[in-house]
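Listed here are the chains, written in short residue letters.
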Amino acid sequence: WPVTETAIRPLDVRDLRLLHRVRRDGLCLHAQVAYTRGPHALQTALLDVLTPGRATHTLVARPLLPGESAAVAQITHDLGDSVARLGFIGPSAQVDGAVGLRLLDALSQEAGLRGAHNLLAGVAGDQPAFECLRRAGFAVYARQQIWRWKGSPPAEQEFDGVWRAEVPGDGEAIAWLVANLVPGLVMQVEAAPGRGRRGLLHWAEGELRAYFDLERGPRGVWAQPYIHPAVEAIDLLLAAFLRRSAESDRPVFLCLRSYLSWMVGALF
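### Thoughts on the pattern of salt bridges
Part 1 of the argument: Within the structure shown, the criterion is met by eight salt bridges.
Part 2 of the argument: Of the charged contacts in the structure, one is a salt bridge between Arg 14 and Asp 12, with a shortest N-O distance of 2.5 Å.
Part 3 of the argument: Residue Arg 14 is classed as exposed on the basis of its relative accessible area of 58%.
Part 4 of the argument: Through salt bridges with shared partners, one network takes in Arg 9, Asp 12, Arg 14, Asp 15 and Arg 62.

### So, helix H8 (residues 234-245)
Note that an α-helix has 3.6 residues per turn; residues three or four places apart therefore point the same way.
Part 1 of the argument: Over its twelve residues, H8 extends 16 Å from the first C-alpha to the last, a length consistent with the 16 Å expected when each residue adds 1.5 Å.
Part 2 of the argument: Counted residue by residue, H8 has nine buried out of twelve residues, so it is predominantly covered.
Part 3 of the argument: The complete set of buried residues in H8 reads Ile 234, Leu 237, Leu 238, Ala 239, Ala 240, Phe 241, Leu 242, Arg 243 and Ser 245.

### Re the packing of aromatic side chains
Part 1 of the argument: Per the stated rule, a full pass over the model turns up six aromatic pairs.
Part 2 of the argument: Relative to Phe 241, the ring of Phe 212 has its centre 3.8 Å away and its plane inclined at 10°; by these criteria the two rings are stacked. Of the two residues, Phe 212 is situated in strand S10 (residues 207-217) and Phe 241 in helix H8; the sequence distance between them amounts to 29 residues. Judged on exposure class, the residue Phe 212 and its partner Phe 241 are both buried.

Rules used in this analysis
Residue numbering note: each chain is counted from 1, following its sequence as written. Reporting of local features is limited, given that this is a predicted model, to residues whose pLDDT is at least 70; pairs of side-chain atoms are given and counted only at 80 or more, and all residues count toward the totals for whole chains, interfaces and linings. Side-chain figures throughout are based on the complete set of non-hydrogen atoms in the structure, without hydrogens or water. Salt bridges are defined as contacts in which a side-chain nitrogen from Lys or Arg sits within 4 Å of a carboxyl oxygen from Asp or Glu. Whether a residue is buried, partly exposed or exposed follows from its accessible area with a 1.4 Å probe, protein chains only, as a fraction of its type maximum: under 20%, in between, or over 50%, in that order. The helix and strand labels rest on DSSP assignments: H or I over at least four residues marks a helix, E over at least two residues marks a strand, and numbering proceeds from the N terminus. A helix is expected to span 1.5 Å multiplied by its residue count minus one. Within 6.5 Å between ring centres, the rings of Phe, Tyr and Trp (the latter by its six-membered ring) count as paired, and their orientation is classed by plane angle as stacked under 30 degrees, edge-to-face over 60, tilted in between.

In structure tokens:
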């Protein structure tokens, strides 16, 4: 049998010291998790050991030969979904090294075994992990900017009644809006939004014109907008959204994809 340099296996109780050591020295590759729960969120790793079928899966790389360090990496995937996401890899020194590449390969295999067709990662273009992901076979499919808003909600205006909470019957309208806004390549890669989550919708002239997919966590509120270019008074609409969703103790992080770049002027 060939000699392998690194043994990669699922996390277990033997790895508690390693988990403690890397919990704040790594890279979160899932922006939504980083901004809502924290950039080094491995809180669910121990539950992987105790709860079969959880949405997260954590792997550990233990070197068998001297010269390499142990590392931890995690994916998130709900059974039945076509998309899995890279969550965490650490320590950061191993991200762009040989151990990191082997962990990425093992996580890709794990995602496939769980039924995922795509494995997604979010990373800044100037980070070392960007080139590491390229070498591992990843390709850019979309670009995004993260805008942060924190402060007192804008003064009340007549637009305050234009948003309403998402209900289960909104799925078809949300799918129609997304299909008309999101490029086909992105639609092929990502899962559709609006799956029973607590989003906000804006209707005009009998049609859904804007939708915010929301996720709340202890660190902040993540907002993914889908807004039709025909919408009127976009600045007032965004102000009304902030009044509806902003919280005094947590910022709002708005994820603006490149195909919605026309909204940038309204964010200043």
